[in-house]
Amino acid sequence: DPASVTLAWNGVSGADSYEIRYDTKGSIGWSYSRTTSATGITISDLVPGTNYAFSICTVKSGFKSDWSSTFYASTVALTVPGNFRATGTTMTSISLAWSSVNGAASYEIRYDKKGTVGWSYSKTVSGTSTEITGLDPGCDYAFDIRSVRGSAASSRSSTIYATTNTLSAPRS
C-alpha cells in the first residue's frame with residue numbers, strides 16, 4: 001500500500017511495549033504516535049510519496065527508555081492509471097475506463113474539446129470507469145487522468161481523444 005510504512009526492530013528483553021513517534025521529515029516535533037507489543041508495525045493512512053521521520057522507545061511498567069535515533073522511511077508515490085481508454089460513445093457522452101492503482105482513493109479526469117487551451121472540466125470518481133455526459137454531438141474531446149489519495153496525486157496520463165457520435169441524416 002503506497003500509503004503505509006512497515007517498521008521492524010530488535011526486541012528488548014522484558015519490554016511491555018514499544019512506542020513509535022513519527023511525522024513528516026523536516027517537521028518540528030512529533031505529531032503522531034502508535035504503541036505496539038510486537039517488534040514491528042505497519043503504519044497506514046500516510047500520504048503517498050512522502051518522507052517520514054520515526055523514533056522508537058521501549059516501555060516497561062509505565063517507564064520509557066530514551067528514544068532511538070531518528071530514522072527515515074518513505075511511502076511510495078502513486079502511479080498514473082494505466083490502460084486509460086474510451087470504451088463507448090453516444091451523441092452526448094463518452095465512456096472511459098482505466099486500470100486500478102494500488103493505494104488510490106479516487107481518480108481525477110480532466111476533459112475539454114480537443115484544441116481548447118487548458119482544461120475547463122474535471123470529474124472525480126472512485127471506481128475504474130465513468131461516463132462523461134452533457135457533451136456536444138460530433139465533437140472531438142481530450143481527456144487525461146491521475147490517481148489521488150488525500151493531498152497526494154500521481155502525474156497525469158498522456159492525453160487520449162474520443163469523438164461523440166453524430167446524428168445521421170435520413171436515407172432516401
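The text that follows walks through the structure, step by step, so that each part is easy to find. What you see is a predicted model; the values in this text were computed from it and never measured. (Residues numbered from 1 in each chain as written. Predicted model: local features only at pLDDT ≥ 70, side-chain atom pairs only at ≥ 80, totals over all residues. Heavy atoms only, no water.)

So, the sheet that holds strand β12 (residues 129-132)
- Taken in spatial order, the 3 strands of this open sheet run β8-β9-β12, and their pairing is antiparallel. Both outer strands of the open sheet, β8 (85-89) and β12, are each paired with one neighbouring strand and no more. Here the average twist between neighbouring strands, direction ignored, is 25°.
- Of the pairings in the sheet, the one linking strand β9 (residues 94-97) to β12 comprises 4 bridges and is antiparallel in character. Its bridge partner being in β12, Ser-95 is matched across the sheet by Glu-131. (Pairing = 2+ DSSP bridges. Helix = DSSP H or I, 4+ residues; strand = E, 2+ residues; numbered from the N terminus. Axes fitted to C-alpha atoms, helices over the stretch in contact; angles between N-to-C directions.)

Here we look at the nonpolar core
- Residues Phe-84, Ile-94, Leu-96, Trp-98, Ile-109 and Phe-143 are the most contacted members of the largest nonpolar core, which totals 18 residues.
- Elements with a minimum of two residues in this core: β9, β10 (106-113), β13 (140-149) and β15 (160-163).
- Counting 13 residues, the second-largest nonpolar core is a separate cluster that includes Leu-7, Tyr-18, Ile-20 and Ile-43. (Core = buried A, V, L, I, M, F, W, Y, C linked by side-chain atoms within 4.5 Å. Buried < 20%, exposed > 50% of the residue type's maximum accessible area, 1.4 Å probe, protein only.)

Description of the packing of aromatic side chains
- Enumeration over the complete set of coordinates arrives at 9 aromatic pairs.
- Pairing Phe-84 with Trp-98 gives two aromatic rings, centres 6.2 Å apart and planes at 65°, and the pair type is edge-to-face. With Phe-84 in the loop between β7 (71-74) and β8 and Trp-98 in the loop between β9 and β10, the pair connects residues that are 14 residues apart, well separated along the chain.
- We classify Phe-84 as buried; its relative accessible area is 11%.
- The class for Trp-98 is buried, based on a relative accessible area of 4%.
- Ring centres 5.3 Å apart and planes at 20° place the aromatic pair Tyr-111 and Tyr-121 in the stacked group. Taken together, the residues Tyr-111 in strand β10 and Tyr-121 in strand β11 (residues 121-125) connect sequence positions 10 residues apart.
- Using a relative accessible area of 46% as the deciding quantity, one classes Tyr-121 as partly exposed.
- Here the aromatic cluster, defined as three or more aromatic residues joined through ring pairs, consists of Tyr-22, Tyr-32, Tyr-52, Phe-54 and Phe-71. (Phe/Tyr/Trp six-rings, centres within 6.5 Å; stacked < 30°, edge-to-face > 60°.)

Purely geometric stuff here, so don't read any function into it on its own.
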